[in-house]
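Structural overview
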Amino acid sequence: MKKIIIFLFSIMLITCCNSQNKQDDLYPIKMNNGKYGYINSVGKVIIEPKFYYALDFSEGLAAIREKGYYGYIDKTGQFVIPPNFEDAGKFKDGIAIVTTKEDKKVYINTKGEMIDIKLEQYYKLNKFNEGLSIIKTKNGFGYIDTKGNVVVSPQYKTAYNFENGLALVSKNGTNFGYINKSGKYVIEPKYYIATSFSNGLAAVKDSGFKTKFLNKEGKEVLEIKSSYTCDNFSEGLAIFYEEGKGYGYVNKNGDIVIKPNSKFETLMSFKEGVARFSTKNEVGYIDKNGKILFKISKDYFLGYVSNGMIPFYKRRERLSQSRYGFMNIRGEVKVKPQYKEVEPFKGNLARIHLSQGFNGYYVYINKEGNVIEPKKY
């Protein structure tokens, strides 16, 4: 009996935590008083509308505009970083890119302190990933840490973000290899096509007819025959192309899970258990067994799935005449095409644009297509 009680309590705790996580999604919205605040997924006002403009939360902070300048608030609506910036971006790895009153782009931390980059001259700033950011100088690309220290000297013609502790780089733009966070080659630059690491594997090519998959030590753990494509695994499956037969998918053992089909002109990586495909006349989605979930005429554009919802519109001579709607992964229309602009679903809501005269405004809809109105204003 005691074990049953503990088990039930654990289930209740997990359910409560999941419910709390869902409630933590906050959405910026302009309310009837002309100011921006934040609502939750059912329209309840969580942060009162008192800001001139507001952006999404990232890492617990959101950029808002007040009295002509941007600052950052927490999820209680209190200022953590005062509004002193001309522009402000989202936080990633505890660092955000902002524009100062002197029109200079700089890094700041979550305390609002500017990060001094230890370089005499540099160009565009990039977002951080795994604690490092790509920096460009006249000598090429290198990497800095969150304190502004140069940890890998600028020397590369091509450089990508660190993923799984390794970064894909090339000094000549032709031969690609992988370095660690000290700048040491872990995998020598001998591949002419390569992908960043994902879930411990990277896809590479050193010849035109095979794709190899490397682990983080550079060991080849899998090799498949594949022309044209060099795609990494996504949700356990990778795309391959077999001459004369077409595109298909293999698993991490190299087993063909979805047989190549010459009817497929394109296949995309799996996301949320489904993948987009196109044939000569149709576009649609398949599941991981290769079953076609739905297909429609190429007269329609299909976007990427987000939280089970797929944006679509009917192609017209002018894109400005097209209107977006949403369907689910079975191809059932849940939101009729009527919106000029839509964004992917974040949690249970998607931001959409409602036209009003020459302008318009943004609101949110749920997965049934209902407009979510703030429940207090």
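Residues numbered from 1 in each chain as written. Predicted model: local features only at pLDDT ≥ 70, side-chain atom pairs only at ≥ 80, totals over all residues. Heavy atoms only, no water.

1. Regarding the overall build of the chain
From N to C terminus, the chain includes one helix and 35 strands. Dimensions of the chain, computed from C-alpha atoms along their principal axes, come out at roughly 70 × 60 × 55 Å. Across the 377 residues of the chain, 42% fall into the buried class. Excluding contacts between residues fewer than 6 apart, the proportion of contacts in the chain whose partners are at least 24 apart in sequence is 28%. Counting every atom, the chain has about 20900 Å² of accessible surface; 50% of that belongs to carbon and sulfur. With 58 positive and 39 negative side-chain charges, the chain shows a separation of 3 Å between the mean positions of the two kinds. (Helix = DSSP H or I, 4+ residues; strand = E, 2+ residues; numbered from the N terminus. Buried < 20%, exposed > 50% of the residue type's maximum accessible area, 1.4 Å probe, protein only. Contact = heavy atoms within 4.5 Å. Areas by Shrake-Rupley, 256 points an atom, 1.4 Å probe, with all protein chains shown as cover. Lys, Arg positive; Asp, Glu negative; His and termini not counted. Charge placed at Lys NZ, Arg CZ, Asp CG, Glu CD.)

2. Some details on the confidence of the model for the chain
Averaged over every residue, the pLDDT of the chain is 90; the share at 70 or more is 92%. Contacts of residues 1-23 to residues separated by more than four positions or lying in other chains number one contact, the stretch itself having pLDDT below 50. (pLDDT = per-residue confidence, 0-100.)

3. What to know about the pairing of strand β11 (residues 132-137)
In terms of burial, β11 is largely enclosed, as five of its six residues are buried. Count of turn residues in the β11/strand β12 (residues 140-145) antiparallel hairpin: two residues. (Pairing = 2+ DSSP bridges.)

4. Focus on the sheet that holds strand β2 (residues 36-39)
Within the open sheet, the three strands sit side by side as β1-β2-β3. Their pairing is antiparallel. Whereas interior strands pair on both sides, the edge strands pair on one side only; in this sheet they are β1 (27-30) and β3 (45-51). Taking the axes of each pair of neighbouring strands and ignoring which way they run, one obtains an average angle of 25° across the sheet. Bridge count between β1 and β2: four bridges; the pairing is antiparallel. Considered in β2, the bridge of Tyr27 is made with Ile39. (Axes fitted to C-alpha atoms, helices over the stretch in contact; angles between N-to-C directions.)

5. Considering the sheet that holds strand β9 (residues 95-99)
Taken together, three strands build an open sheet; the order of strands is β8-β9-β10 and the sheet is antiparallel. This sheet does not close on itself; its edge strands, each paired only once, are β8 (87-88) and β10 (105-109). Across two bridges, β8 lies against β9 in antiparallel orientation. Considered in β9, the bridge of Asp87 is made with Thr99.

6. Looking at the packing of aromatic side chains
For the structure shown, the criterion picks out 17 aromatic pairs. Centre to centre, the rings of Tyr27 and Tyr364 are 5.2 Å apart; their planes meet at 65°, and the pair counts as edge-to-face. Separated by 337 residues along the polypeptide, Tyr27 in strand β1 and Tyr364 in strand β34 (residues 359-365) bring together distant segments of the chain. What makes Tyr27 buried here is its relative accessible area of 1%. Pairing Phe51 with Phe79 gives two aromatic rings, centres 6.2 Å apart and planes at 85°, and the pair type is edge-to-face. Of this pair, Phe51 sits in strand β3 while Phe79 sits in strand β7 (residues 79-85); the two residues are 28 residues apart in sequence, bridging distant segments of the chain. Here Phe79 falls in the partly exposed class, since its relative accessible area comes to 38%. Every member of this aromatic cluster is reached through a ring pair, and the members are Phe301, Tyr313 and Tyr324. The side chain of Lys101 reaches across the aromatic face of Tyr69, ending 4.6 Å from its centre. (Phe/Tyr/Trp six-rings, centres within 6.5 Å; stacked < 30°, edge-to-face > 60°. Lys NZ or Arg CZ within 6 Å of the ring centre and 35° of its normal.)

7. Regarding the side chain of Asn232
Looking at where Asn232 falls in the secondary structure, it is placed in the loop between β21 (220-225) and β22 (238-242). Judged by relative accessible area, which is 12%, Asn232 ranks as buried. A polar atom in the side chain of Asn232 sits 3.2 Å from the backbone oxygen of Ser196. Within the structure, the side chain of Asn232 is placed 2.8 Å from the backbone oxygen of Leu201, a separation counted as a polar contact. (Polar contact = N/O pair within 3.5 Å; in protein donor to acceptor, adjacent residues only side chain to side chain.)

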